[in-house]
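What follows is each chain in one-letter form.
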Amino acid sequence: MKFCIQCGHKLCGKQTVYCSKECTNAYVRLKKINDKLSANKIFSDNTSVTIFPKVKNRTKRLLVVDTISYDDKSFLNWWIKQSKVKRVYDIKKVTFIRNGSIASRTIPCLALNIADLEKLVNYVELKMKDNHRVDLKDTIRHILKIRARWIEKLKG
């Protein structure tokens with residue numbers, strides 16, 4: 001004899017897991033809530049390294065100066081220095097007008113990808129776990145906001 005895993009009623013006929021559509025929907029709702037909680041586990045007291053969902057173009061590099069503000073750039077540079085993430089510089093060609101003529105020059109610009117930002121988040125999480133510093137949660141939130149902006153920029 002089998003029973004519904006949601007409410008405990010006896011199953012009959014072809015029913016294998018749930019007794020009704022309502023029990024199935026309740027299970028799906030609870031699963032969605034649990035998925036949201038597990039996605040935000042970095043903001044709980046039990047800190048662990050976050051496993052990020054796969055994103056298209058995860059390794060495509062974006063120039064930092066084109067993507068975020070100067071304050072965010074300095075913020076990221078400090079954390080990159082702390083975590084010893086490998087820095088990659090791409091060349092950006094800039095054109096400008098000097099003395100009435102058009103000139104151009106190339107400038108090396110820091111380029112990061114989403115995987116680098118995820119490494120930064122994991123580094124900060126480990127630091128928060130080791131030092132028991134709850135104030136680093138704001139840093140994680142800030143880097144996650146930057147990551148979300150980069151994903152939007154990659155989408156087009």
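An account of the accompanying structure is given in this report. Small disclaimer: the values here were computed from a predicted structure and weren't measured. (Residues numbered from 1 in each chain as written. Predicted model: local features only at pLDDT ≥ 70, side-chain atom pairs only at ≥ 80, totals over all residues. Heavy atoms only, no water.)

Comments concerning the pairing of strand 2 (residues 88-98)
Moving on, step 1. Bridge analysis of strand 2 against strand 3 (residues 101-112) gives eleven bridges, and the strand direction is antiparallel. Bridge pairing in strand 3 links Tyr89 to Leu110. (Pairing = 2+ DSSP bridges. Helix = DSSP H or I, 4+ residues; strand = E, 2+ residues; numbered from the N terminus.)

Regarding the nonpolar core
Moving on, step 1. Among the nonpolar cores identified, the biggest contains 22 residues, and Leu76, Leu117, Leu120 and Trp150 are the most heavily contacted of them.
Moving on, step 2. Going through the elements one at a time, helix 3 (70-83), strand 3, helix 4 (114-131) and helix 5 (136-155) are the ones with two or more residues in this core.
Moving on, step 3. The leading source of residues in this core is helix 5, at seven residues.
Moving on, step 4. For Leu120, the residues in contact, after removing those within four places along its chain, are Leu76, Trp79, Ile80, Ser83, Val85 and Ile143.
Moving on, step 5. Grouped together as the second largest cluster of nonpolar side chains are five residues, Cys4, Tyr18, Cys19 and Cys23 included. (Core = buried A, V, L, I, M, F, W, Y, C linked by side-chain atoms within 4.5 Å. Buried < 20%, exposed > 50% of the residue type's maximum accessible area, 1.4 Å probe, protein only. Contact = heavy atoms within 4.5 Å.)

Details of the sheet that holds strand 1 (residues 62-63)
Moving on, step 1. Across the sheet, three strands lie side by side as 1-3-2; this open sheet has antiparallel pairing. Here the strands that pair on one side only, and so sit at the sheet edges, are strand 1 and strand 2.
Moving on, step 2. Of the pairings in the sheet, the one linking strand 1 to strand 3 comprises two bridges and is antiparallel in character. Its bridge partner lying in strand 3, Leu62 is registered against Leu112.

Let's talk about unusual backbone geometry
Moving on, step 1. One non-glycine residue, Lys84, adopts positive backbone phi at about 60°.
Moving on, step 2. Of note in the backbone geometry, Asn99 takes a positive phi value of approximately 55° without being a glycine.
Moving on, step 3. Assignment of secondary structure puts Asn99 in the loop between strand 2 and strand 3.

Some remarks on the packing of helix 4 against helix 5
Moving on, step 1. One way to put it is that helix 4 packs onto helix 5 with a least axis distance of 10 Å and a crossing angle of 170°. Regarding the angle of helix 4 to helix 5, the classification is roughly antiparallel. Facing Ile114, Leu117, Glu118, Leu120, Val121, Val124, Glu125, Lys127 and Met128 of helix 4, the residues of helix 5 in contact are Leu136, Lys137, Thr139, Ile140, Ile143, Leu144, Ile146, Arg147, Trp150, Ile151 and Leu154.
Moving on, step 2. Tallied by class, the residues present in the contact of helix 4 with helix 5 amount to 14 nonpolar, one polar and five charged. (Axes fitted to C-alpha atoms, helices over the stretch in contact; angles between N-to-C directions. Parallel < 35°, antiparallel > 145°, perpendicular 65-115°, else oblique. Nonpolar A, V, L, I, M, F, W, Y, C, P; charged D, E, K, R; others polar.)

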